[in-house]
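Structural characterization, general
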Amino acid sequence: MNALDIMPFGRNKGYQIGMVYLFDPGYINWALAETDKFCITDMESLEQFKPFVNPSTGFYYEYLALDELNFFIHYFDFTELLYLGSVDFKFSEKAKMQNLFKLKRFGH
């Protein structure tokens, strides 16, 4: 899977993986580190983009379907928003190692 593919499970099911990364990067990190079958081929590329932060709390958005995000989520594509974020995010070492392991296991 890559950033343009659709998230196949969980609370962000149905959204592009790249879009989930921009608004909920911790979820992608969790899915890579803690699930058996989820892996992405473009992890290093995703880390180059800056996720969005909720300006009122200073935290990452936690769900894509929040009302204030509906405009972005439903009318834009990951490729149209990938340069608009504001903070750095790096995947954990566990997520990186698990992703690499799964990529090899699945023949990528």
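Rules and cut-offs
Residues numbered from 1 in each chain as written. Predicted model: local features only at pLDDT ≥ 70, side-chain atom pairs only at ≥ 80, totals over all residues. Heavy atoms only, no water. Phe/Tyr/Trp six-rings, centres within 6.5 Å; stacked < 30°, edge-to-face > 60°. Helix = DSSP H or I, 4+ residues; strand = E, 2+ residues; numbered from the N terminus. Buried < 20%, exposed > 50% of the residue type's maximum accessible area, 1.4 Å probe, protein only. Salt bridge = Lys/Arg side-chain N within 4 Å of Asp/Glu carboxyl O. Core = buried A, V, L, I, M, F, W, Y, C linked by side-chain atoms within 4.5 Å. Contact = heavy atoms within 4.5 Å. Expected span 1.5 Å × (residues − 1). Axes fitted to C-alpha atoms, helices over the stretch in contact; angles between N-to-C directions. Parallel < 35°, antiparallel > 145°, perpendicular 65-115°, else oblique. Left-handed = near helix turned anticlockwise from the far one by under 90°.

This part takes up the packing of aromatic side chains. Scanning all chains against the criterion turns up six aromatic pairs. Note on F9 and F38: the rings are 5.6 Å apart at their centroids and 85 degrees apart in plane angle, and the pair reads as edge-to-face. Of the two residues, F9 is situated in the segment before α1 (17–23) and F38 in the loop between α2 (25–34) and α3 (43–47); the sequence distance between them amounts to 29 residues. A residue is classified by how much of its surface remains accessible, and F38, at 2% relative accessible area, is buried. Here the aromatic rings of F23 and F52 are separated by 4.6 Å at their centres, their planes lie at 5 degrees, and the arrangement is stacked.

What follows deals with the pattern of salt bridges. Enumeration according to the criterion identifies five salt bridges in this entry. Two residues, R11 and D24, come together in a salt bridge whose shortest N-O distance is 2.8 Å. One end of the pair, R11, is in the segment before α1; the other, D24, is in the loop between α1 and α2, with 13 residues separating them in the sequence. The salt bridge involving K50 is made with D88; its shortest N-O contact spans 3.2 Å. Placement of K50 in the loop between α3 and α4 (70–75) and of D88 in the loop between α5 (78–81) and α6 (93–105) is noted, with a sequence separation of 38 residues between them.

Below, the discussion takes up the nonpolar core. Counting residues in each nonpolar core, the largest one holds 26 residues, and the members touching the most others are I28 and F91. Those elements giving two or more residues to this core turn out to be α1, α2, α3 and α5. Sort the elements by how many residues they give to this core and α1 lands first, with six residues. Setting aside chain neighbours within four positions, we find F91 in contact with Y21, P25, I28, N29, L32, M43, L46, E47 and K96.

What follows deals with α2. Counting buried positions over the 10 residues of α2 gives seven, a clear majority of the element. Turning to α2, its buried residues number three or more, namely P25, Y27, I28, N29, A31, L32 and A33. Packed against the buried residues of α2 are α1, α3 and α6.

This brings us to α6. Side chains that are three or four residues apart share a direction in an α-helix, a result of its 3.6 residues per turn. Helix length check: α6, at 13 residues, gives a terminal C-alpha distance of 18 Å against a target of 18 Å (1.5 Å per residue), a fit within 8%. Considering only its buried residues, α6 is in contact with α2 and α3. Positive phi appears at G107, one or two residues downstream of α6, with a value of about 80 degrees.

Closest axis-to-axis distance for the α2/α6 pair is 7 Å, and the angle between their directions is 55 degrees. Relative to α6, the element α2 is oriented oblique. For α2 against α6, the interelement crossing comes out left-handed. Here N29, A31, L32, A33 and E34 of α2 lie close against α6, whose contacting residues are K94, A95, Q98, N99 and K102.

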